[in-house]
Every structure is written in C-alpha cells, then in structure tokens.
Amino acid sequence: MFLYKIQKMANRTILLIGARTGIGRATCERLLEENANIIVAGRQNDPWFSENGIHFVDFDATSDELPTSDLPDELNGLVYFPGSINLKPLRGLKDDDLLEDFRLNALGAFKTIKATQSALKKGSGSIVLFSTVAVQQGMPFHTSVAAAKGAIEGMTRSLAAEFAPSIRVNAIAPSLVDTPLAGQILSNEKRIEASNERHPLKRVGRPEDIANMVIYLLSDASSWVSGQIMSVDGGMSTLRV
C-alpha cells in the first residue's frame, strides 16, 4: 500500500537501456504496474515487449549512437542496465578486457546520457545507473569490472552536480543478483548456497529487490535524492555478522 501511494509513475515516459532480462525485465514489470510509458533500447527485441505495449528501439550501447529520432522530445527517466561480470585474476586480464568492460559499463552510459540530456531536462528526468558492491568493498578478481563501475560512481556524482536541479542522477550498487548475467556463478546448488551464506541477510538478491529501488529513484518519492550510490546488497557492504 505504501509503495503504491509514493510511486505515481502513470503517463511518465521512461527509457530503459538493455532491459530484456533480469533486473531490466523486473523493472519493466514494475513500470507496467505503474502505468508508465516504456521505451526499451537494446540489441535484441522480445515479443513480450510488443505484447505489453512497450516500444522497442534497436541499439547496441557498445557501438551505436542512440537513435534519438525514434525517441520522444521529452523523457521523465533513463535507466542504463548493461553490465558485465568479468572475474579474472590480474595475471589473466588483458588490456582488451578492461577496455571492453569500460566500453559497455561506462562509455555506453556516457553516450546515452549525452544523447538524451535535452529530453530529460524537458521532462525533469531522473537517471539511474548501476555500480557494484565490489567498488567500495574490494573483492578479489573484480579489478576490471570494479574499475569500470568506479567510473560510473564518479560519473553519477559529477553529472548530478552538473545537471542539478533539472535532472537527478543516482546509481545502485548491488551485490550478486540471481539473473542470467550471474548464471555461471550460481550454476549449481552448492554455489548458490555458498553465495547465500556470504551475505548477512543469507540470500543473494532477486531482480525485484533491485527493481524496487529503480522505481523509487525514478519516482517523486526520491525527489530530494541526487548524486547518491544506493547499496542494495543484502548487507554485504556494511554488515559483519
């Protein structure tokens, strides 16, 4: 009941980048409940989008310029979902690994925001980006992805200052979430149980855990929140139990 009251997203136009599965799909489902107008830009269309009245735009964040001619002149929100889990020891990392992670996680977000800045300003928009708990926590084998997501955290704070007060910018820093992206890490019951036990709340995240925070940051409930890195991580970043 409380969530219903604070999240008035009806008729707002939200652009989601890369929202076909996992947290992106869960966010779509929540926005549909809120009667928002949803546009998804990504590499792969899905019949589910058209079935639910979601407009799809073909877009590869690693190589394409966002086709703004296919977008409205006014946007109320932008969420950039593309990310990677590239876990390797330093000796196994190559220059191209870091460049690929940076291109997908940080440069893609930069290009998307730059392309939609005017539309978001017209719509008093909210931008939601994604970091990872590994930026602040320090975890082995996360050098490449933590470096790329660290750039996202810096971008979040800098752009929040630059765009204030017309556009809010925040990021979410999750721990491990049960999505296709994490499929290799959560590939069997033993790995799932080990991952559950690493978290103070004794479970890995669910897509809806993160989607709930996305909706909050897009809504007027967070109208006095900008430049923040929101930890949604089962207590991983702060608790020792």
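Report on the accompanying structure. Predicted model, so just to flag it, every value in this text is computed and none were measured.

### Some points on the packing of helix α4 (residues 95-122) against helix α6 (residues 143-163)
Packed helices, taken two at a time, are described by the angle their axes make and the gap between the axes.
Here comes step 1: Between α4 and α6, the shortest axis-to-axis distance is 7 Å and the interhelical angle comes to 20°. Compared by their axis directions, α4 and α6 come out roughly parallel. For α4 against α6, the interelement crossing comes out right-handed. Side by side, α4 and α6 meet where D97, L98, D101, F102, N105, A106, A109, F110, I113 and Q117 of the first sit next to S144, V145, A148, K149, A151, I152, M155, L159 and F163 of the second.
Here comes step 2: Considered class by class, the residues forming the contact of α4 with α6 number 13 nonpolar, three polar and three charged.

### What about the packing of helix α2 (residues 22-33) against helix α8 (residues 207-218)?
Here comes step 1: One way to put it is that α2 packs onto α8 with a least axis distance of 8 Å and a crossing angle of 55°. Overall, the two elements α2 and α8 adopt an arrangement that is oblique. The way α2 lies across α8 gives a crossing that is right-handed. Taking contact as the criterion, the partners of G22, I23, A26, T27, R30 and L31 in α2 are, on α8, P207, E208, I210, A211, N212, V214, I215 and L218.
Here comes step 2: Among the residues forming the contact of α2 with α8, the class breakdown is nine nonpolar, three polar and two charged.

### As for the side chain of K149
Here comes step 1: For K149, the location among the structural elements is in helix α6.
Here comes step 2: Among buried charged residues, K149 stands out as having no salt bridge; its nearest opposite-charge side chain is D101, 8.9 Å away.
Here comes step 3: Within the structure, the side chain of K149 is placed 2.9 Å from the side chain of N105, a separation counted as a polar contact.
Here comes step 4: Excluding residues within four positions of it along the chain, K149 makes contact with P82, G83, N105, F130, S131, T132 and V135.

### Some thoughts on the pairing of strand β2 (residues 37-42)
Along any regular strand, the residues point their side chains to alternate faces of the sheet.
Here comes step 1: Most of β2 sits inside the fold, with five of its six residues counted as buried.
Here comes step 2: Where strand β1 (residues 13-17) lies against β2, five bridges are found, and the strand directions are parallel. Paired with L16 across the strands is V40, a residue of β2.

### Some words on the environment of A10
Here comes step 1: With respect to the helices and strands, the residue A10 is situated in the loop between α1 (2-6) and β1.
Here comes step 2: We classify A10 as partly exposed; its relative accessible area is 42%.
Here comes step 3: Setting aside anything within four residues of it in sequence, one finds A10 in contact with E34, N35 and A36.

### Regarding the packing of aromatic side chains
Here comes step 1: Summed over all chains, the structure comprises three aromatic pairs.
Here comes step 2: Both rings, one in F49 and one in F56, keep their centres 6.0 Å apart while their planes meet at 10°; by these two values the pair is stacked. A single burial state applies to F49 and to F56, both of which are buried.
Here comes step 3: An aromatic cluster is defined as three or more aromatic residues linked by ring pairs; in this entry it consists of W48, F49 and F56.
Here comes step 4: Positioned over the ring face of W48 is R25, at 4.0 Å from the centre of the ring.

Conventions we followed
- Residues numbered from 1 in each chain as written.
- Predicted model: local features only at pLDDT ≥ 70, side-chain atom pairs only at ≥ 80, totals over all residues.
- Heavy atoms only, no water.
- Axes fitted to C-alpha atoms, helices over the stretch in contact; angles between N-to-C directions.
- Helix = DSSP H or I, 4+ residues; strand = E, 2+ residues; numbered from the N terminus.
- Parallel < 35°, antiparallel > 145°, perpendicular 65-115°, else oblique.
- Left-handed = near helix turned anticlockwise from the far one by under 90°.
- Contact = heavy atoms within 4.5 Å.
- Nonpolar A, V, L, I, M, F, W, Y, C, P; charged D, E, K, R; others polar.
- Buried < 20%, exposed > 50% of the residue type's maximum accessible area, 1.4 Å probe, protein only.
- Lys, Arg positive; Asp, Glu negative; His and termini not counted.
- Salt bridge = Lys/Arg side-chain N within 4 Å of Asp/Glu carboxyl O.
- Polar contact = N/O pair within 3.5 Å; in protein donor to acceptor, adjacent residues only side chain to side chain.
- Pairing = 2+ DSSP bridges.
- Phe/Tyr/Trp six-rings, centres within 6.5 Å; stacked < 30°, edge-to-face > 60°.
- Lys NZ or Arg CZ within 6 Å of the ring centre and 35° of its normal.

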